[in-house]
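So the chains spell out like this:
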Amino acid sequence: MAGEVQAADELEAEPARAADPWSDPRLPWEGRPRRVDLLCWAAITLSGLYYLAILPWRASLVGTHPIISVLLNGSTESIVSAAAFARVGHGTLVVVLLASIPGLMKFDIIYWWAGRLWGEKVLNLFAGRSERQRRRAQRFVARVHRWGRWFTWPAVIIAMFLPIPSAIIYAVAGFSGMSWVTFLILDAIGSLSWAGLLAGLGWALGQHAVSVAQTVSKYGLWVSIAIIVLVVAGQIRGARTQR
């Protein structure tokens with residue numbers, strides 16, 4: 001009898017949820033969003049648009065102004081290229097590492113903030129449509145619940161070395177209770193570790209990496225067009241998969 005009553009209540013509530021425009025399970029908040037929810041959502045959206053906006057210059061800068069590329073993008077190729085240029089006398093490794101901190105960390109605090117606001121629901125947002133990434137994220141959260149800060153703190157430091165989107169790890173740090181000061185310190189340590197590894201590779205490659213970077217910049221327009229085409233094709237494919 002109780003089960004029948006519960007089922008009836010759920011059936012009655014279903015039209016109300018359908019009529020509510022904010023009842024989309026894909027949204028990380030419950031019900032009508034607060035102002036802070038919309039601000040965080042806008043910040044995440046703008047971070048994605050930022051990377052799309054700099055795509056046309058990503059290839060051209062890597063062989064002409066690698067430090068600027070590190071600051072703007074913090075990409076693997078830009079750090080390797082900047083260190084290689086330093087090896088042949090154009091700049092220093094210290095500048096490369098210092099530039100990598102804002103280049104790599106610029107949006108990380110937003111993902112921490114999203115985790116603090118929305119809890120575990122944010123994992124669906126950052127894991128995307130990949131079922132493999134969702135399973136990895138769930139296993140990661142299970143370990144966080146089991147070991148707490150003894151697992152979360154080292155995970156933030158090595159986030160860029162793990163086969164999980166860094167945004168997921170930073171969001172978990174947020175909803176697990178890590179303070180923003182602690183997060184930024186650990187994130188800076190991890191960013192410098194990652195940048196140091198890439199800079200070491202660029203330093204070892206030296207002139208070979210410089211030559212490759214200059215070639216990429218020479219054909220930067222075509223490389224950028226190819227990247228944009230791949231991004232658009234991926235978005236179209238993803239949209240078709242969802243249907």
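As the structure is a prediction and not an experimental result, all values here were calculated from the model.

1. Structural notes on the nonpolar core
- In this structure, Ile79, Phe126, Phe140 and Val156 are the most contacted members of the largest nonpolar core, which totals 46 residues.
- The element that contributes the greatest number of residues to this core is helix α11 (residues 166-175), accounting for seven residues.
- When sequence neighbours within four positions are dropped, the list of residues in contact with Val156 reads Ile169, Tyr170, Ala173, Met178, Phe183, Leu186 and Asp187.

2. Some remarks on a nonpolar patch on the surface
- A cluster of nonpolar side chains, contributed by Trp180, Val181, Ile185 and Ile189, occupies part of the molecular surface with about 390 Å² of accessible area.
- Assignment of secondary structure puts Ile189 in helix α12 (residues 180-205).

3. Regarding the packing of helix α10 (residues 149-157) against α11
- At a minimum axis distance of 10 Å, the contact between α10 and α11 shows a crossing angle of 145°. Here the hand of the crossing between α10 and α11 comes out left-handed. Along the contact surface, α10 presents Thr152, Ala155 and Val156, while α11 presents Ile169, Tyr170 and Ala173.
- The residue makeup of the contact of α10 with α11, split by class, is five nonpolar, one polar and no charged.

4. So, the packing of helix α5 (residues 76-87) against helix α6 (residues 93-105)
- The interhelical angle for the contact between α5 and α6, taken along N-to-C directions, is 165°, at an axis separation of 9 Å. Between α5 and α6, the crossing angle belongs to the class labelled roughly antiparallel. The handedness of the crossing between α5 and α6 comes out as right-handed. Along the contact surface, α5 presents Ile79, Ala82, Ala83 and Ala86, while α6 presents Leu93, Val96, Ser100 and Leu104.
- A per-class count over the contact of α5 with α6 returns seven nonpolar, one polar and no charged.

5. Side note on the environment of Trp112
- By the secondary structure assignment, Trp112 is in helix α7 (residues 108-118).
- Trp112 sits in the buried class, given a relative accessible area of 8%.
- For the pair Trp112 and Phe175, spaced 63 residues apart in the sequence, the C-alpha separation amounts to 7.7 Å.
- Beyond its immediate stretch of four places on either side in the chain, Trp112 contacts Tyr170, Ala171, Ala173, Gly174, Met178, Ser179, Trp180 and Phe183.

6. A word on empty space enclosed by the protein
- Counted under the stated rule, the structure contains one cavity of 30 Å³ or more.
- Here the largest cavity is characterised by a volume of approximately 50 Å³.
- For the largest cavity, the full set of lining residues is Ile54, Trp57, Arg58, Leu61, Ser69, Leu72 and Asn73.
- At the level of secondary structure, the elements contributing two or more residues to the lining of the largest cavity comprise α3 (55-62) and α4 (66-72).
- The biggest single contributor to the lining of the largest cavity is α3, with three residues.
- Considering only residue class, the lining of the largest cavity consists of four nonpolar, two polar and one charged.

Conventions adopted
Residues numbered from 1 in each chain as written. Predicted model: local features only at pLDDT ≥ 70, side-chain atom pairs only at ≥ 80, totals over all residues. Heavy atoms only, no water. Core = buried A, V, L, I, M, F, W, Y, C linked by side-chain atoms within 4.5 Å. Buried < 20%, exposed > 50% of the residue type's maximum accessible area, 1.4 Å probe, protein only. Helix = DSSP H or I, 4+ residues; strand = E, 2+ residues; numbered from the N terminus. Contact = heavy atoms within 4.5 Å. Patch = residues over 30% accessible without salt bridge, like charges linked within 9 Å, V, L, I, M, F, W, Y side chains within 5 Å. Areas by Shrake-Rupley, 256 points an atom, 1.4 Å probe, with all protein chains shown as cover. Salt bridge = Lys/Arg side-chain N within 4 Å of Asp/Glu carboxyl O. Axes fitted to C-alpha atoms, helices over the stretch in contact; angles between N-to-C directions. Left-handed = near helix turned anticlockwise from the far one by under 90°. Nonpolar A, V, L, I, M, F, W, Y, C, P; charged D, E, K, R; others polar. Parallel < 35°, antiparallel > 145°, perpendicular 65-115°, else oblique. 1 Å grid on protein atoms, 1.4 Å probe; cavity = no way out; pocket = protein on both sides within 12 Å on 5 of 7 lines; lining within 4 Å. Points joined across faces, edges and corners; volume = space filled by probe spheres on them.

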